[in-house]
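# Tertiary structure, described
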Amino acid sequence: MKNNKRTLNQRKNTTQFQLTIRFIGLLTSAVLILSIAIMGITAAELYESTEKQAHLLEDSLKNSGAKEAKDWQKVLVKDTFSDDSLYLIHVQLNSGEVVYSSEDAKEIFQEFPQLKQFILFDRILWTSEVEPYYYTSFQKDETKVTILVDMENQFELIGRIFSLTIFITLAVIALGSLVTYRFSKKLSGSLVVMDEEINQLKVSDSKQQLTVPKTPQEVQNISKSFNQLLVKQRMYLKREQQFVTDASHELRTPIAAIRGHVNLIKRRGKSHPQVIPTSLDYIDKESKRLEILVEKLLLLGRLDTQFNMEQLDLSLIIQQTVDELNVMMPQDITITIETGIFVEGQAEHFYQIARNLLENAMKYTDTSGTITVRLFSDEDTIQLLIEDSGMGIPDEEKTKIFERFYRVDQSHSSEISGTGIGLSIVKELVEKYQGKINVTDASPKGTRFTVEFINTHKNEDFFI
Ligand code: ADP
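Every chain's residues receive numbers from 1 upward, in the order its sequence appears when written. Thresholds applied to this predicted model are a pLDDT of at least 70 for local features of residues and 80 or more for the giving and counting of side-chain atom pairs; totals over whole chains, interfaces and linings are not thresholded and use all residues. Side-chain metrics rest on all non-hydrogen atoms present in the structure, leaving aside hydrogens and water.

- Per an unreviewed UniProt entry, the protein goes by the name histidine kinase and belongs to Enterococcus haemoperoxidus ATCC BAA-382.
- UniProt positions are given in the numbering used here, feature names are shortened, and annotations may be inferred rather than shown by experiment. Turning to the protein, the UniProt record has this under Catalytic activity (unreviewed entry): "ATP + protein L-histidine = ADP + protein N-phospho-L-histidine."
- We quote the UniProt Subcellular location (unreviewed entry) comment for the protein here in full: "Membrane".

Below, the structure is given as structure tokens:
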């Protein structure tokens with residue numbers, strides 16, 4: 001049904017149509033060229049053999065020794081010149097006498113002045129009844145001998161070859177078009193099916209996929225790639241939906257707490273003024289949490305947008321981030337930063353990576369603990385190491401902590417404030433720069449985060 005609706009123009013643009021037309025064109029030209037060549041060669045061969053026959057006859061007549069009419073009559077009486085003969089001879093003697101090889105010859109030669117010449121071969125003449133004859137003549141001792149060789153059989157043969165050629169051409173076109181049409185239909189049929197399936201596809205239905213045809217290979221590959229893309233797209237969509245749900249949930253909790261305390265102050269503030277400072281503390285804490293959360297959500301949103309790449313002094317960025325946090329860091333900190341490490345990117349991104357990891361080290365480590373920051377590079381890599389002697393992360397949680405809104409052990413998360421998105425931001429940022437992030441246990445206790453980037457500026461000093 002859908003096919004019928006397609007316009008003529010659309011049909012003309014289909015592979016099926018284009019292939020069929022081109023194939024028929026090619027086939028017809030090939031068959032025609034071949035046929036014309038065969039006909040041409042046969043015609044030339046036949047003409048040549050007739051010419052040879054005529055010359056042989058000419059030679060034998062020249063050598064016959066006939067001079068007078070009766071001599072010629074004797075020569076021309078032979079079987080070769082009977083009425084059914086292919087050869088028609090006309091002898092014009094000097095005396096004005098004329099001798100014919102047969103009655104047929106007499107008839108034709110009377111018509112001789114009206115005979116027409118064939119365009120391509122001027123030695124071929126036509127009678128009014130469209131009978132072809134090869135013509136040759138010679139003069140001997142004042143006697144003019146004209147020979148006509150009947151070429152009807154030869155022309156009949158060429159005619160038969162011509163009809164056969166036409167028949168073969170038509171048959172080849174008919175058969176060829178049918179085969180090509182069916183073949184191209186098979187080829188483009190899978191594409192048409194694919195198009196229809198894509199139109200009916202619902203991204204929300206996770207089970208729907210494109211049918212993968214066995215042939216042609218190209219369409220099979222496209223269907224497979226499309227299905228893979230579909231899986232990725234659905235995963236991405238699911239993740240985004242989950243993110244919206246989680247984000248609204250995370251935003252709702254502090255808002256509900258703030259509204260609860262505002263209501264408490266409104267209802268009891270006057271009669272029990274002692275609740276006000278505690279409630280204000282809660283409101284302050286929750287609004288701060290809200291502020292951080294919104295900031296991080298905005299940052300997450302910005303990650304997908306385009307950014308400028310510039311040459312950055314990573315050593316300087318890490319040093320500044322450490323200095324910024326060091327003032328409020330109760331733990332002892334050991335800093336080893338190799339100078340002159342450069343990367344390509346946006347400063348904000350590397351700042352966020354270092355800051356989130358350092359903040360976590362501070363949050364999840366006792367005030368009496370220690371924190372170590374190291375930045376170094378080798379031939380191929382740049383490594384940022386942030387280690388603490390804090391509470392550590394159980395092995396089974398190590399992969400989950402990079403998920404958005406995931407926090408280890410909900411009980412301690414209520415004590416230590418956090419949003420659960422810091423590490424997911426870090427991971428996304430690191431992967432944006434084709435880097436890797438790893439979490440391991442520190443010794444004797446604590447956590448070690450290792451961020452690794454490809455060193456694109458290796459050996460730079462060497463060349464300067
Ligand atoms: P949060 O805002 O909760 O710190 P993150 O995404 O930064 O969110 O971290 C996710 C979870 O990983 C944290 O809630 C915490 O349980 C755990 N975590 C992260 N860094 C450390 C660390 N240095 N030591 C122990 N646990 C950590």
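### A few points about the overall build of the protein
- Of the regular secondary structure elements, the protein holds 13 helices and 13 strands.
- Taking 2.2 N^0.38 as the reference for a compact globule, 464 residues should give roughly 23 Å; the C-alpha atoms of the protein span a radius of gyration of 51 Å, well beyond that estimate.
- In terms of principal-axis extent, the alpha carbons of the protein reach across some 160 × 65 × 35 Å.
- Put simply, the protein has 464 residues, and 37% of those count as buried.
- As presented, the protein carries roughly 29100 Å² of accessible surface, and 56% of it is formed by carbon and sulfur atoms.
- The charge count treats Lys and Arg as positive and Asp and Glu as negative. His and the chain ends do not count. Every charge is mapped to an atom, namely NZ of Lys, CZ of Arg, CG of Asp or CD of Glu. Charged side chains of the protein number 53 positive and 64 negative; the gap between the two group centres comes to 10 Å. Only DSSP runs of H or I with at least four residues qualify as helices, and only runs of E with at least two residues qualify as strands; both kinds are numbered from the N terminus onward. C-alpha atoms define the radius of gyration, and 2.2 Å times the number of residues to the power 0.38 defines the globule rule. With a 1.4 Å probe rolled over the protein chains alone, any residue whose accessible area is under 20% of its type maximum counts as buried; one over 50% counts as exposed, and the rest are partly exposed. What sets the accessible areas is the Shrake-Rupley method with a 1.4 Å probe; for residues, cover comes only from the shown protein chains.

### Quick word on the packing of helix 6 (residues 152-200) against helix 7 (residues 217-268)
- It is the contact of helix 6 with helix 7, at a shortest axis distance of 10 Å, that shows an interaxial angle of 15 degrees. Comparing their axes, helix 7 and helix 6 come out roughly parallel. In the crossing of helix 6 with helix 7, the sense of the turn from one axis to the other is left-handed. Listed contacts from helix 7 to Ser190, Leu191, Met194 and Ile198 of helix 6 are Val219, Ile222, Ser223 and Phe226.
- Each residue is assigned to one of three groups, with Ala, Val, Leu, Ile, Met, Phe, Trp, Tyr, Cys and Pro labelled nonpolar, Asp, Glu, Lys and Arg labelled charged, and all others, Gly among them, labelled polar. By residue class, the composition of the contact of helix 6 with helix 7 is six nonpolar, two polar and no charged. The axes are straight lines fitted to the C-alpha atoms, using for helices just the contacting stretch, and the angles between their N-to-C directions are given from 0 to 180°. Here roughly perpendicular refers to angles of 65 to 115 degrees, roughly parallel to angles under 35, roughly antiparallel to angles over 145, and oblique to all remaining angles. Each crossing is labelled by how the near helix is turned from the far one, with a counterclockwise turn of less than a right angle marking it left-handed and a clockwise turn marking it right-handed. Contacts between residues were defined by any pair of non-hydrogen atoms, one from each residue, lying within 4.5 Å.

### Some details on the pattern of salt bridges
- For this analysis, a salt bridge means a side-chain nitrogen from Lys or Arg found within 4 Å of a carboxyl oxygen belonging to Asp or Glu. This model, assessed by the stated rule, comprises 16 salt bridges.
- The partner of Glu240 in a salt bridge is Arg404, and the shortest N-O contact between them spans 3.8 Å. Placement of the pair is Glu240 in helix 7 and Arg404 in the loop between strand 11 (381-388) and helix 11 (410-415), with a sequence separation of 164 residues.
- The partly exposed category is assigned to Glu240, whose relative accessible area is 26%.
- Through salt bridges with shared partners, a single network forms among Arg239, Glu240, Arg404 and Glu428.

### A short note on unusual backbone geometry
- Thr215 connects to Pro216 through a cis peptide bond whose omega is -10 degrees.
- Going from Ser443 to Pro444, the amide bond is cis rather than trans, its omega being 0 degrees.
- For Pro444, the location among the structural elements is in the loop between strand 12 (436-441) and strand 13 (447-454).
- Positive phi outside glycine occurs at Asp141, with the angle close to 45 degrees.
- In this structure Asp141 comes out as exposed when scored by relative accessible area, which is 53%.

### A short note on the sheet that holds strand 1 (residues 87-92)
- Ordered in space as 2-1-6-5-4-3, the six strands form an open sheet in which the pairing is antiparallel. Looking at the sheet topology across the chains shown, the edges are occupied by strand 2 (98-100) and strand 3 (116-117).
- In this scheme, strands are said to pair when DSSP sees at least two bridges between them. Of the strand pairs in this sheet, strand 3 and strand 4 (residues 124-126) are connected by two bridges, and their pairing is antiparallel. Counted as the bridge partner of Gln117 is Leu125 from strand 4.
- Sitting on the sheet, helix 3 (residues 15-62) is in contact with strand 1, strand 4, strand 5 (132-140) and strand 6 (143-150), with an inclination near 30 degrees to strand 5.

### Here we look at a negative patch on the surface
- For patch building, the residue pool is restricted to those with more than 30% relative accessible area and no salt bridge; the joining distance is 9 Å between like charges and 5 Å between nonpolar side chains (Val, Leu, Ile, Met, Phe, Trp, Tyr). On the surface, Asp84, Glu103, Asp104, Glu107 and Glu129 cluster together to form a negatively charged patch.
- With respect to the secondary-structure elements, Asp104 resides in helix 5 (residues 103-111).
- Judged by relative accessible area, Asp104 falls into the partly exposed class, the value being 33%.

### Let's talk about the domain arrangement of the protein
- Throughout the structure description, domain borders are defined by an automatic or database domain assignment. Annotation of the protein at the domain level lists domain 1 (2-156), domain 2 (218-302) and domain 3 (310-454).
- A separation of 101 Å is found between the C-alpha centroids of domain 1 and domain 3.

### Examining the site of the ligand
- Note on definitions. A residue lies near a molecule or strand when any single heavy atom of the residue is within 4 Å of it. Near the ligand there are 19 residues, and of these Asn360, Tyr364, Arg407, Thr419 and Leu423 occur at the shortest range.
- With respect to the detected pockets, the ligand is housed in the largest pocket.
- Of all the elements in the fold, those that place two or more residues in the shell around the ligand are helix 10 (347-363), helix 12 (422-432) and strand 13.
- Of the residues that constitute the shell around the ligand, the class distribution is eight nonpolar, eight polar and three charged. Whether a set of points on the 1 Å grid over the protein atoms alone is a cavity depends on a 1.4 Å probe fitting there but being unable to get out, while an open set qualifies as a pocket with protein on both sides within 12 Å along at least five of seven lines; lining residues are those with an atom within 4 Å of a point. To be counted as sitting in a cavity or pocket, a molecule needs more than half of its atoms within 2 Å of that site's grid points.

### Some details on a nonpolar patch on the surface
- A grouping of Phe162, Ile166 and Leu170 is seen on the molecular surface, where their side chains present a nonpolar patch of about 290 Å² in accessible area.
- Within the fold, Leu170 resides in helix 6.

### Comments concerning the environment of Ser377
- The residue Ser377 is located in strand 10 (residues 370-377) in this model.
- A relative accessible area of 23% means that Ser377 is categorised as partly exposed.
- Note: C-alpha distance between Ser377 and Thr339 (38 residues apart in sequence) is 9.7 Å.
- In this structure the side chain of Ser377 is engaged in a polar contact, spanning 2.9 Å, whose partner is the side chain of Glu338. Under the rule applied, a polar contact is a pair of N or O atoms within 3.5 Å (in protein, one hydrogen donor and one hydrogen acceptor; residues adjacent in sequence only if both atoms are side-chain atoms).

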